[in-house]
Amino acid sequence: MTKTTSAPAPVLGTRALNRATLERQLLLRRSPSTAAAAVRHLVGLQAQNVKPPYYALAARLDGFAPEALSELMADREVVRIVTLRSTIHTHTADDCLTLRPLVQPARDRELAHFRTGLAGVGLDRLAALARELVEDEPRTMAQLRAALGAEWPDADPQSLAVAARCRLPLVQVTPRGLWGRSGQVALTTAEHWLGRPAGPAPEPETVVLRYLAAFGPASVKDMQTWAGLTRLREAFERLRSRLVTFRAEDGTELFDLPDAPRPDPDTPAPPRFLPEFDNLLLSHADRSRVVPPAHRGRHWQGNQAYRTLLVDGFLAGVWKLDGQALVVEPFAPLPRRARGEVVEEAGRMLTALHPGTSYDIRFGTVRT
């Protein structure tokens, strides 16, 4: 009896992975999607600072204006909350109320780092008191430290406030996060701000499918890096019959949705100006699909991330607004044609986000 063996999974090279991911990330061509639909499709936008979500959408959406996201935030249709990787994200209200329960185990593990400062503190009691405080009126972290410190004077005040943030789904209330506005970070619970209870955590399989739609093809470790969670292998295995598999050039198994776009590796990829901490660069264990090995770590300095520039789909430099100038600092000299395309894209981004303001666009020193 002849034993049959399955054919080996096709190999996807770096450029194939790059183009597929850019397409899912709405970066291969600008999308006509609304801001709300894009935030949902992308499963949130990194929002450690106020402006990155706006720059992220300006790079992805056709005709985007910052008011489109700002109005969603003012209307409480999107919110800023700590979720994936213990970092602040802008999520739709629905995702806020379900994804936060999904990543709650990671927030619980985070508390282990503050065990010494929380000696003698009952965490259930702390969560109940913190909820009462922030639902009475939004509180800053300083106010939480003071109020909780009065209850537990021997505990570390910062650890008390962090514990409240870990145990409760605390959202940043407006005007924080609105375009062109300023405001301290003031917190209340997601349920109180949105006027409805949190939903149950979604099944991991549901989130796997959404992750692949926005970031695939991807490995199990890729998704675990994106979510800040572990033990997702079983969810992928339960979905195996519904997915297709590939191999990266190093042999890593990659999963994908059968009908998801996987463009030709030679598909043109226009330049894109991305904010610091864009999820494109943070959501895979192997980032070589976007970050060439020669440029690994060059868009960071200590804990500071720079705004990044993509050329031909890959990280090619950093950029900044310096007074009335947009300064591009490439990692290697750019060909004349690429420089012209970068200038055109810079003009589009500036027109979308800073209309009526005149900026010089110039190239700084090549970063070596």
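Residues numbered from 1 in each chain as written. Predicted model: local features only at pLDDT ≥ 70, side-chain atom pairs only at ≥ 80, totals over all residues. Heavy atoms only, no water.

Novice: Please explain the side chain of Gln 46 as it appears in this structure.
Specialist: Within the secondary structure, Gln 46 is located in strand 2 (residues 45–46). Its relative accessible area of 6% is what places Gln 46 among the buried residues. A polar contact is formed between the side chain of Gln 46 and the side chain of Thr 87, at a distance of 3.1 Å. (Helix = DSSP H or I, 4+ residues; strand = E, 2+ residues; numbered from the N terminus. Buried < 20%, exposed > 50% of the residue type's maximum accessible area, 1.4 Å probe, protein only. Polar contact = N/O pair within 3.5 Å; in protein donor to acceptor, adjacent residues only side chain to side chain.)

Novice: Looking at this structure, how should I read the sheet that holds strand 3 (residues 78–82)?
Specialist: Within a sheet, each strand pairs with its neighbour through backbone hydrogen bonds, oriented either parallel or antiparallel. Strand order in the open sheet made by the five strands is 2-4-3-5-6, with antiparallel pairing throughout. For this open sheet the edge positions go to strand 2 and strand 6 (187–189), each flanked by a neighbour on one side alone. As paired strands, strand 5 (residues 170–172) and strand 6 are joined by three bridges and run antiparallel to one another. In the strand pairing of strand 6, Val 171 is matched with Thr 188. The sheet strands contacting helix 6 (residues 123–136) are strand 5 and strand 6, and the helix crosses strand 6 at an angle near 110°. (Pairing = 2+ DSSP bridges. Contact = heavy atoms within 4.5 Å. Axes fitted to C-alpha atoms, helices over the stretch in contact; angles between N-to-C directions.)

Novice: What's the story with the sheet that holds strand 1 (residues 11–12) in this structure? I'm lost.
Specialist: Strand order in the open sheet formed by three strands is 1-7-8, and the pairing between neighbours is mixed. Pairing within the sheet leaves two strands with one partner each, and these edge strands are strand 1 and strand 8 (253–256).

Novice: Quick question: what am I supposed to make of the pattern of salt bridges here?
Specialist: It is possible for side chains of opposite charge to pair when their charged atoms get near one another. Applying the stated criterion across every chain yields a total of 28 salt bridges. Of the charged contacts, one joins Glu 234 and Arg 238 as a salt bridge, the two residues approaching to 3.8 Å between their closest N and O atoms. Residue Glu 234 and its partner Arg 238 are both found in helix 12 (residues 233–239); the two are separated by four residues, about one turn of the helix. The residue Lys 320 makes a salt bridge to Glu 329 at a minimum N-O spacing of 3.7 Å. Residue classification places Glu 329 among the buried residues on the basis of a relative accessible area of 13%. Three or more residues are tied together by salt bridges with common partners; here these are Arg 30, Arg 272, Glu 345 and Arg 348. (Salt bridge = Lys/Arg side-chain N within 4 Å of Asp/Glu carboxyl O.)

Novice: How do you make sense of the pairing of strand 8 when you look at a structure like this?
Specialist: The side chains of a regular strand alternate, first on one face of the sheet and then on the other. Residues of strand 8 alternate between two faces, with Glu 253 and Phe 255 on one and Leu 254 and Asp 256 on the opposite face, all of them buried. Sheet topology note: the strand 7 (residues 244–248)/strand 8 ladder contains four bridges and is antiparallel. Residue pairing across strands places Thr 245 opposite Phe 255, the latter belonging to strand 8. Taking the residues between adjacent antiparallel strands as the criterion, strand 7 and strand 8 are bridged by four residues, where Gly 251 takes a positive phi near 95°.

Novice: Mind showing me how you'd approach the packing of aromatic side chains here?
Specialist: Here the distance between the centres and the angle between the planes together describe a pair of aromatic rings. Within this structure, the stated rule accounts for nine aromatic pairs. When the centroid spacing of 5.0 Å and the interplanar angle of 40° are considered together, the rings of Tyr 211 and Trp 226 count as tilted. Of this pair, Tyr 211 sits in helix 10 (residues 204–215) while Trp 226 sits in helix 11 (residues 220–227), and the two are 15 residues apart along the sequence. Classification of Trp 226 as buried rests on a relative accessible area of 1%. Pairwise contacts between aromatic rings join Tyr 54, Tyr 55, Trp 179, Phe 273 and Trp 319 into one cluster. Arg 76 extends its terminal NZ or CZ atom over the ring of Trp 193, reaching a point 3.4 Å from the ring centre. Against the face of Tyr 55 rests Arg 307, its NZ or CZ located 4.8 Å from the ring centre. (Phe/Tyr/Trp six-rings, centres within 6.5 Å; stacked < 30°, edge-to-face > 60°. Lys NZ or Arg CZ within 6 Å of the ring centre and 35° of its normal.)

Novice: I keep staring at helix 11 and nothing clicks. Help me out?
Specialist: An α-helix turns once per 3.6 residues; consequently, residues spaced three or four apart project the same way. When you tally the buried positions in helix 11, you get six out of eight residues, the bulk of the element. Of all the residues in helix 11, the buried ones are Val 220, Asp 222, Met 223, Gln 224, Trp 226 and Ala 227. Elements that come into contact with the buried residues of helix 11 comprise helix 5 (93–110), helix 10, helix 12 and strand 8.

Novice: Whenever I open this one, the side chain of Asp 222 confuses me. Can you help?
Specialist: On the secondary structure map, Asp 222 appears in helix 11. Overall, Asp 222 belongs to the buried group, its relative accessible area being 3%.

Fair warning: the whole summary comes from geometry, so function is off the table for now.
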